[in-house]
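# Structure assessment
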Amino acid sequence: MSATRINIKNKRAYFDYEIIEKYVAGIQLSGTEIKSIRAGRAGVVDSYCYFVRGELWVKGINISEYFYGTFNNHMPTRERKLLLNKKELYKLERKTKESGLTIIPLRMFVNDRGFAKLEIGLAKGKKQHDKRETLKAKDSKRELDRVKKSF
């Protein structure tokens, strides 16, 4: 395993959503996709998850084509199936239908065994004033850290 750890984050998710629960799901990949992920050429911003016949799919993840790939290269923005156990799938589907929550990808990483995983979050959308409060809290924390550093 290489010394560099792959950790592709969705920074927008924490700004736009309030994360209630987190899950780690496997991703069903094909061909050269894992090589592109290991090269760090993937993005999870503006992606979301949805259910089709009891299966969880993710749409909007961009895994760039592998540079050394041939005509067998993958489609960069295709929909990919997420792998969770039945209990987790049932729980997520029930919560999204009942309470209007959504499922969004938070980060993509490669685990110790070399498998690509996607951390997903059950989330509730923030209102505009909540976003402003988040920015205020972040600014005040940054200012406090500056003051602490000067002493």
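Residues numbered from 1 in each chain as written. Predicted model: local features only at pLDDT ≥ 70, side-chain atom pairs only at ≥ 80, totals over all residues. Heavy atoms only, no water.

### Digging into the overall build of the protein chain
Formally: Every helix listed is a DSSP run of H or I at least four residues long, and every strand listed is a run of E at least two residues long, numbered separately from the N terminus. Each residue's exposure class comes from its accessible area (1.4 Å probe, protein chains only) as a fraction of the maximum for that residue type: buried when under 20%, exposed when over 50%, partly exposed otherwise. Here, two residues are considered to be in contact whenever any of their heavy atoms come within 4.5 Å of each other. To be clear on the numbers: accessible area is Shrake-Rupley with a 1.4 Å probe, and residue cover counts the displayed protein chains and nothing else.
When its secondary structure is counted, the protein chain shows four helices and nine strands. Starting at the N terminus and walking to the C terminus, you meet the elements of the protein chain as β-α-β-α-β-β-β-β-β-α-β-β-α. Here the C-alpha coordinates of the protein chain stretch approximately 55 × 40 × 25 Å along the principal axes. Within the protein chain, the proportion of its 151 residues that are buried is 34%. Sequence separation of 24 or more characterises 67% of the internal contacts of the protein chain that already satisfy a separation of 6 or more. Roughly 10,100 Å² of accessible area belongs to the protein chain as shown, and the carbon and sulfur atoms make up 52% of that amount.

### A closer look at unusual backbone geometry
A positive phi angle is found at aspartate 46, which is not glycine, with a value near 60°. Tracing the backbone shows aspartate 46 in the loop between strand S3 (42-43) and strand S4 (48-52). Given a relative accessible area of 68%, aspartate 46 falls into the exposed group. Backbone geometry at arginine 53 places phi at a positive 50°, although glycine is not the residue there.

### What to know about the side chain of asparagine 10
Rules: Counting of polar contacts relies on pairs of N or O atoms within 3.5 Å, with two restrictions inside protein: one atom must be capable of donating a hydrogen and the other of accepting it, and residues adjacent in sequence are counted only when both atoms are side-chain atoms.
With respect to the secondary-structure elements, asparagine 10 resides in the loop between strand S1 (7-9) and helix H1 (11-16). Take asparagine 10: its relative accessible area is 4%, and that puts it in the buried class. At 3.4 Å, the side chain of asparagine 10 forms a polar contact with the backbone oxygen of valine 44. Excluding its chain neighbours within four sequence positions, the residues that come into contact with asparagine 10 are Val44, Val45, Pro105 and Leu106.

### Section: the packing of aromatic side chains
For the record, the criterion: Geometry of aromatic contacts follows a simple scheme: Phe, Tyr and Trp rings, the Trp one being its six-membered ring, pair when their centres are within 6.5 Å, and the pair is stacked under 30 degrees between planes, edge-to-face over 60, tilted otherwise. In our convention, an over-ring charge means Lys NZ or Arg CZ found within 6 Å of a ring centre and within 35 degrees of that ring's normal.
Counting across every chain of the model gives one aromatic pair. Each ring, one from tyrosine 48 and one from tyrosine 50, has its centre 6.1 Å from the other, and the planes form 45°; the classification is tilted. Residue tyrosine 48 is classed as partly exposed on the basis of its relative accessible area, which comes to 38%. Sitting over the ring of phenylalanine 109, arginine 107 keeps its end group 4.3 Å from the ring centre.

### Observations concerning the pattern of salt bridges
Just so we agree on the cut-off: Here a salt bridge means any side-chain nitrogen of Lys or Arg lying within 4 Å of a carboxyl oxygen belonging to Asp or Glu.
In the structure shown here, the tally under the stated rule is 13 salt bridges. Residues glutamate 33 and arginine 80 are paired through a salt bridge, measuring 2.9 Å at the closest nitrogen-oxygen approach. Residue glutamate 33 is located in helix H2 (residues 33-38), and its partner arginine 80 is located in strand S7 (residues 80-83); the two are separated by 47 residues in the primary sequence. Exposure class is identical for glutamate 33 and arginine 80. Each is buried. One continuous salt-bridge network, built from bridges that share partners, spans Arg12, Asp16 and Lys131.

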